[in-house]
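These are the residues of each chain, in order.
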Protein chains: 2
Amino acid sequence: MTRSTRQDTGQEQFLTVLSRDEALARFEAALFPRTIPTEELTLADALGLALADDVMAPIDVPPFDRSNVDGFAVRAADMATASEALPARLLLNHETIACGVAPQIPVLAGTATSISTGGPVPRGADAIVMVEHTQPTEGDAIEVRRGASPGQFISNAGSDIARGEVLLRAGTVIGSREIGMLAACGIALVTVARKLRVAVLSTGDELVQPGDALRPAGIYDANGAIVSAAITENGGEASFLGAYPDDEAKLEAAMREALAAHEVLILSGGTSKGAGDVSHRIVNRLGAPGIVAHGVALKPGKPLCLAVCDGKPVVVLPGFPTSAMFTLHDMIVPLLRRMAGLPPRTEAKVTAKVPLRIPSELGRTEFVMVSLVEGDEGLVAYPTGKGSGAITSFAQADGFISIEALADNMPAGSEASVTLFTPHVRVPDLVVIGSNCTGLDLVVGILFRAGLTVRSIAVGSLGGLAAAKRSECDIAPIHLFDAKTQSYNAPFLSDGLELVEGWRRMQGIVYRPSDIRFQGADADEAVRAALADPNCMMVNRNQGSGTRILIDQLLGPARPDGYWNQPRSHNAVAAAVAQNRADWGVTIAPVAQSAGLSFIALKEEHYDFALVSARKERPAVQAFLTALTSPEFNEGIEPMGFIRPG
Amino acid sequence: MTRSTRQDTGQEQFLTVLSRDEALARFEAALFPRTIPTEELTLADALGLALADDVMAPIDVPPFDRSNVDGFAVRAADMATASEALPARLLLNHETIACGVAPQIPVLAGTATSISTGGPVPRGADAIVMVEHTQPTEGDAIEVRRGASPGQFISNAGSDIARGEVLLRAGTVIGSREIGMLAACGIALVTVARKLRVAVLSTGDELVQPGDALRPAGIYDANGAIVSAAITENGGEASFLGAYPDDEAKLEAAMREALAAHEVLILSGGTSKGAGDVSHRIVNRLGAPGIVAHGVALKPGKPLCLAVCDGKPVVVLPGFPTSAMFTLHDMIVPLLRRMAGLPPRTEAKVTAKVPLRIPSELGRTEFVMVSLVEGDEGLVAYPTGKGSGAITSFAQADGFISIEALADNMPAGSEASVTLFTPHVRVPDLVVIGSNCTGLDLVVGILFRAGLTVRSIAVGSLGGLAAAKRSECDIAPIHLFDAKTQSYNAPFLSDGLELVEGWRRMQGIVYRPSDIRFQGADADEAVRAALADPNCMMVNRNQGSGTRILIDQLLGPARPDGYWNQPRSHNAVAAAVAQNRADWGVTIAPVAQSAGLSFIALKEEHYDFALVSARKERPAVQAFLTALTSPEFNEGIEPMGFIRPG
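Residues numbered from 1 in each chain as written. Chains lettered and ligands numbered in written order. Predicted model: local features only at pLDDT ≥ 70, side-chain atom pairs only at ≥ 80, totals over all residues. Heavy atoms only, no water.

Of the residues lining the interface, 123 residues belong to chain B; the matching set on chain A comes to 124 residues. Overall, the association of chain B and chain A removes approximately 10000 Å² of surface from exposure, summing both partners, and the carbon and sulfur fraction of that is 55%. Our enumeration of links across chain B and chain A arrives at nine salt bridges. Between D441 of chain B and R169 of chain A there is a salt bridge, and its shortest N-O distance comes to 3.9 Å. Along the contact surface separating chain B from chain A lie 37 residue pairs in polar contact (both at pLDDT 80 or more). In terms of residue count, helix α4 (residues 176-184) of chain B provides more of the side of chain B that touches chain A than any other element does, seven residues in total. Per-class residue counts for the side of chain B that touches chain A are 56 nonpolar, 38 polar and 29 charged. (Contact = heavy atoms within 4.5 Å. Buried area = accessible area lost by both parts, 1.4 Å probe. Salt bridge = Lys/Arg side-chain N within 4 Å of Asp/Glu carboxyl O. Polar contact = N/O pair within 3.5 Å; in protein donor to acceptor, adjacent residues only side chain to side chain. Helix = DSSP H or I, 4+ residues; strand = E, 2+ residues; numbered from the N terminus. Nonpolar A, V, L, I, M, F, W, Y, C, P; charged D, E, K, R; others polar.)

Pasting the structure below:
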């Protein structure tokens, strides 16, 4: 597909953006009513599926009057005057009622029959006395020294489950407890709603399947796997059919085949307009009524396309992972569950405070993924903030908040309702917000193996400092350079925060090993060589980072080509150089090494921790501080390419 | 096994009852430390399993600087002065960067390259302008009428996931979101903790497998199915091996075979001491150290037996369903999860008020299954009250409360912490507490199909009235006869309650059709015949029931044999007569019919509803009242054997 084609059709794509509710209403109208396919399964196979019909109890449970103890079946009236002084003497009947043994001899007045727990109470008996409360005596008899009330230690027939009552209702999901009730009634087979057969197909020239080698400009297909897994988690039977390039004929053949063999077709990974066009044209040829909604006033999720083709739903998900996941869970899964006779998924919600103003697009309901941490005054909801293009936005969030279409932001300090992705909020033992470092993984790993949970939110050094000042984290990892004092981190701490020394990271100039301009140069020589060649391009770092200050010192007044390419991480610098987007930049040694770049050491960067003093005595914070001095840390940090202070 | 054997060994069985914590500590000491068996699986197959090792990100995600929109890759500096009046004009490079296309041409000053969402940003570009903000112009160029900030609409390499960071920790359960993160990094295979292979074997002469015909004195094996399903729900691989009678040689062979092929052996259904003895003797021969705890100060659950045989756990669960389930979930599942590398199951708790005094056994921690309903002042926890022998005690409960060993009761009005069996409390739309009737199922079914949830708790008429007075239910079904006024139900209502007419149930004398003493008799004749034969045995009803009053009227001063056999339900009366425990009794027509008994009609019993007036306007209560006059009800109630009033 060429650029011009895309631009031509691009204008028509979102002409009829619908509200979420209108889009859903159209989709539902085209899908329902419909019958729910069923099948008969054994109890074990039915686990997790929904009952298709009400189930009536075919028998009483217990099926007979049952003894609840080991003892003797008696007539209570025989013990009316029994006491320690004047025990009742009962002749033993020549029968022992074990479990599974039907009694033959009636218990007449003055007699007793030995009975086990679970045994059927014989005719004539109206109570059980426990074996512990009897004494064997001569003449094949027992003595009882206390009274017995009629009915004692007997469970009557039907007292657990009564024959004819509705045991379980249609739509009930069968768990182990339901299996117990069905088995207790002797039911071995149940009719359940059959699992929905869902085909998942990824589209996009750029997609590479996990396990295959990544080619230049290729990305791994995450959506295919995540959509398939989400279908499985929601009781469907997902078939992932692989990724197809944007070849219209081949894709159409694959989609037709998928739809013939399945009840639902979901296309994942057709990013935005370009790839979408092809699939949308095909969808409209697959059957009536075709596309019922394309473009929904949701953020993320606008490009969602909903179709019904000859009774089968066909969905083209947005290509960005978070958009795809969010629309799948919000709009598609509920309908698939309904098609499969499953009850709605229960959603848990909690209230949390939003620490920062969250901007929002007017006119679209906006959903913002958040991580939850415990602040001084309850839960705080942190936007995960990586955008809908990031897989981690969705995968590492605890839930989401929604900002209504009529608002253009959610003000800082708002109380928001957070819909959780999992039923429980597990408030972590330790919250770390700030700059990330692979060295931090070493410390977190030590805590993790000690059974502590750690939430680490990467928002950069300044974001971490702000969170620490608001007491929303225990520890903020920072590496901030103060030009005035020519020192790291300490000058940035305010009251209530204290500095804990972490480790150091050697910063240096990186270049491709094949680049003869830099081979053998020291730092000054390298910078001179770079500035001398107008074709030599640099990659910078973001304003405010310590590395940026270092770069500006190296450059002096020069502003070479690439100066405005200012990524926010060491990894992005290494990738830019490795992939020829730039020829040199400044990053840290471990990152240079894993990217396969040559490295000219410059200066140590101090990666330290701003600790919230008020939280210092918490056990998890103490454990963190202990981990920083542990042998495991001391032995592990240097092999990772970091430098211990001191 | 004979009675005397049981008595002999019975005394030794519980000599060393341990506290729950001590029993667990011994079990753990014999089981841990141990290695967790692992296997390598594809992502899809790993769904729901726990990661065996930490997983590091092998690549940056995105792997390159990526465009987030459809547009043009540019140099921001070229648009520094762009405005509506003075647009920047950029020459188009002869390249289109679609997804999956590696750029070849650098973006030099004054040029732009067409790029799709997801395309790699070419060398030289430091920003993307959206296609919507450009205008094609002559000479293969575009015009841009607004400024661009460096980095705009670019996601840098590694901004989502940074190469080398710990992506997921060992022990993380793989859900769809984790699968997305692994797939995005190109990981196709993961090493996970293998599912634990658990053999489940039921023991007991009385057990019949679901689907087989129930023989006299037999009961269906529910524990085998429920234990197997609970293992599956907790990530294990359960093999149910069937039920074995108490034949020591055969059972031992089966247990040895099971243990050879599995990692865990659980015996379910060995009721109390009798059946237990056999299995316990065998367990002690299976390997060292053998039984580590037998008898735990828990109620229910005292007979639990924990053993480790040559490194493999062997558990003999108590035979009563609720005891078995409770000990399985409380003491066994956590250890099995730990053996399988799975994290602890998260438990949700809520606080609820206990409406009644709950007696408890001193010296044992007692767990009481409860159902939750919404009262006027929050949640109310109703003991399910059928005892540990009942499968429904566990299956229909929302959760449980615990009463400490040092207390002999929990006072009415206590605030109790309820551990939920499922993550959410779903407060039902309508709460019905009182006497149960299969006719009520018809009404509940109508509400259910209208999407309303109904909780029905059977506590008898008087229990229902008490709950209604405490506003703990919406409706209490009752059938109480007032001897003084010779009328049903109305005389029992107090302020705040109003009567809603339900239906009537014909009560009558039942007898086995083969019993010539009653054939062709009317009610008076039948009672005369019964009283005339000293071998003729009756079954009565509990004091306080309307049927009991009717029986006493029939009998006058006579107290025939069986008078003290006083079950609490119509079903139990029918079962007693059908199973020859008694020769006659009084029950209602539909129950007589389904038990296959002959029936001599006596008098209609009124099954009505005490409605809590303050709750009358609730939508679910209105729906209930509407259902009582609906065609579906009117057409369904009489075929069920009930009589419409009026």
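As a further point, take the domain arrangement of chain A. Annotation of chain A at the domain level lists domain 1 (3-34 + 195-339), domain 2 (38-59 + 162-193), domain 3 (66-155), domain 4 (349-420), domain 5 (430-503 + 607-637) and domain 6 (505-604). Using C-alpha coordinates to define each centre, domain 2 of chain A is positioned 53 Å away from domain 5 of chain A. (Domains from an automatic or database assignment.)

All names here are of chain A. Here six strands make up an open sheet; going across it, the order is β7-β4-β6-β5-β9-β8 and the pairing mixed. Every other strand in the sheet has two partners, leaving β7 (127-130) and β8 (134-137) as the edge strands with one partner each. Geometrically, the sheet is characterised by an average inter-axis angle of 40° between neighbouring strands, direction not taken into account. (Pairing = 2+ DSSP bridges. Axes fitted to C-alpha atoms, helices over the stretch in contact; angles between N-to-C directions.)

Counting across every chain of the model gives 27 aromatic pairs over all chains. With centroids separated by 5.1 Å and ring planes inclined at 85°, the aromatic side chains of F609 of chain B and F624 of chain B adopt a geometry described as edge-to-face. Within this pair, whereas F609 of chain B is found in strand β36 (residues 598-612), its partner F624 of chain B is found in helix α16 (residues 619-627), the two being separated by 15 residues in sequence. Each of the two residues, F609 of chain B as well as F624 of chain B, counts as buried. In textbook terms, an aromatic cluster arises when at least three aromatic residues are bridged by ring pairs, as seen for W503, Y607, F609, F624, F633 and F642 of chain A. The aromatic ring of F394 of chain B is capped on one face by R177 of chain A, whose charged end is 5.9 Å from the ring centroid. We note R338 of chain B situated over the ring of F32 of chain B; from NZ or CZ to the ring centre the distance is 3.6 Å. (Phe/Tyr/Trp six-rings, centres within 6.5 Å; stacked < 30°, edge-to-face > 60°. Buried < 20%, exposed > 50% of the residue type's maximum accessible area, 1.4 Å probe, protein only. Lys NZ or Arg CZ within 6 Å of the ring centre and 35° of its normal.)

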